[in-house]
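Survey of secondary and tertiary structure
The lines below spell out each chain.
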Amino acid sequence: MPRLRVKLRELYHGDSPGAVRFRYGVLILDLILIAFFIAAPFLREYPVFLVIDYAVAFVLCLDIAARALASSSFQGWLMRPILWVDIFVLLTLLFPMWLFNLAFLRVLRLWSLVHSDFFWETVGRRFDDTRWEDSAKALATLVTFIFVVTGFVYASFAREHPGITGYVDALYFTVTTLTTTGFGDITLPGTWGKLLTIFIMLSGISLFVRFAQTLFRPYKVRFTCTTCGLLRHDPDAVHCKACGKLLNIPNED
């Protein structure tokens, strides 16, 4: 077991070419799992769906166990919200019949992947702590929100509302509501439907604004001032604009 932990720690956190290739393989596997989660509503009617579902659960279980062994602090690893997202996703895979109505939350795996240090230490190393990281995280949050809400609308109204006969109808309603286009050809019935529509519109505007800010606002580097604690500064800042302390921001140029 100690040798296995050392080996896994090297693969998940090491800088050797073999470790980097391993992490790229894990990320590709993660993307395949996310693609399966998004496509699951279209595959659910096929007999092979449960076979794929349990195979994905087995792979995800192995990944969680490997990350646990590779962590330097097991208690610190348990405190990460991303871990509990993965555990919940695993439960929906292990019990697909009982947790059918919560299966749409599997798409949270996309959010946990893009917000993980594992992703930015591998694919995004050169973009870590840059505008690209902020933009990618904001986009991942927006896309995750769209598919989570779509799944919720589909699970809650597909059998009750004649306008939503399939997953594509739920996706169409979510996107038109989130962008405040509101064609009106599909509306959710009742008070609960109206409240959900209001929530989608308000959340959609906030997420779009957040994504636009990461793209167009003046970029600031992350460098904590040791005096006042200000976290973001202009890339060419010499003094902290909050307290005036002389800064020494690393610059690759």
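The residue count restarts for each chain, going from 1 along the sequence in the order it is written. Residues qualify for local features only when their pLDDT is at least 70, as the model is predicted, and side-chain atom pairs are given and counted only at 80 or more; totals for whole chains, interfaces and linings, by contrast, use all residues. Values reported for side chains reflect all heavy atoms of the structure, with hydrogen atoms and water molecules removed beforehand.

Quick word on helix α1 (residues 2-13)
- Strands are runs of DSSP state E lasting at least two residues, helices are runs of H or I lasting at least four, and both sets are numbered from the N terminus onward. Here the expected length of a helix is defined as 1.5 Å per residue gap, with one fewer gap than residues. Compared with the 16 Å implied by 1.5 Å per residue over 12 residues, the 16 Å span of α1 between its first and last C-alpha is a close match.
- For each residue, the accessible area found with a 1.4 Å probe, counting protein chains only, is set against the maximum for its type, and the residue is called buried under 20%, exposed over 50%, and partly exposed in between. Regarding α1, the residues found buried are L8, L11 and Y12. Along α1, the residues classed as buried sweep out an arc of 90° about the axis, all on the same side. In α1, the exposed positions angled more than 90 degrees off the buried face are occupied by P2, R3 and V6.
- Should any heavy atoms of two residues lie within 4.5 Å, those residues are considered in contact. For α1, the elements touching its buried residues are α2 (17-43), α3 (49-70) and α7 (117-122). Along the arc lie the directions from the helix axis toward the C-beta atoms.

Points about the side chain of R67
- With respect to the element layout, R67 can be found in helix α3.
- Ignoring anything within four residues of it in the chain, the contact list for R67 reads Y12, V26, D30, W77, R109 and F118.

What about the side chain of D86?
- Here D86 shows up in helix α5 (residues 81-94).
- Residue D86 is classed as buried on the basis of its relative accessible area, which comes to 7%.
- Dropping the residues within four chain positions of it, D86 is found in contact with L60, I64, R109 and S112.

Some words on the pattern of salt bridges
- Salt bridge, as used here, is a side-chain nitrogen of Lys or Arg placed within 4 Å of a carboxyl oxygen of Asp or Glu. Under the counting rule described, the total for this entry stands at 2 salt bridges.
- In this structure, the salt-bridge partner of R67 is D30, at a minimum N-O distance of 3.7 Å. Of this pair, R67 sits in helix α3 while D30 sits in helix α2; the two residues are 37 residues apart in sequence, bridging distant segments of the chain. A single burial state applies to R67 and to D30, both of which are buried.
- For R67, the salt bridge goes to D63, with nearest N and O atoms at 2.8 Å.

Quick notes on the packing of α2 against α3
- Running from N to C, α2 and α3 cross one another at 145°; their axes reach a closest spacing of 11 Å. Like other packed secondary-structure pairs, α2 and α3 cross with a definite hand, here left-handed. Each of V26, L29, D30, L33, F36, F37, A40 and L43 in α2 lies in contact with α3, whose residues at this interface are F49, I52, D53, V56, V59, D63 and R67.
- Any residue outside Ala, Val, Leu, Ile, Met, Phe, Trp, Tyr, Cys, Pro, Asp, Glu, Lys and Arg is labelled polar, Gly included; the first ten of those are nonpolar and the last four are charged. Of the residues contributing to the contact of α2 with α3, the split by class is 11 nonpolar, no polar and 4 charged. To get an axis, a line is fitted to the C-alpha atoms, and for a helix only the part in contact is used. The angle between two axes follows their N-to-C directions and goes from 0 to 180 degrees. In this scheme the crossing of two helices becomes right-handed for a clockwise turn of the near helix relative to the far one and left-handed for an anticlockwise turn of less than a right angle.

Read these as spatial facts, not as claims about activity.
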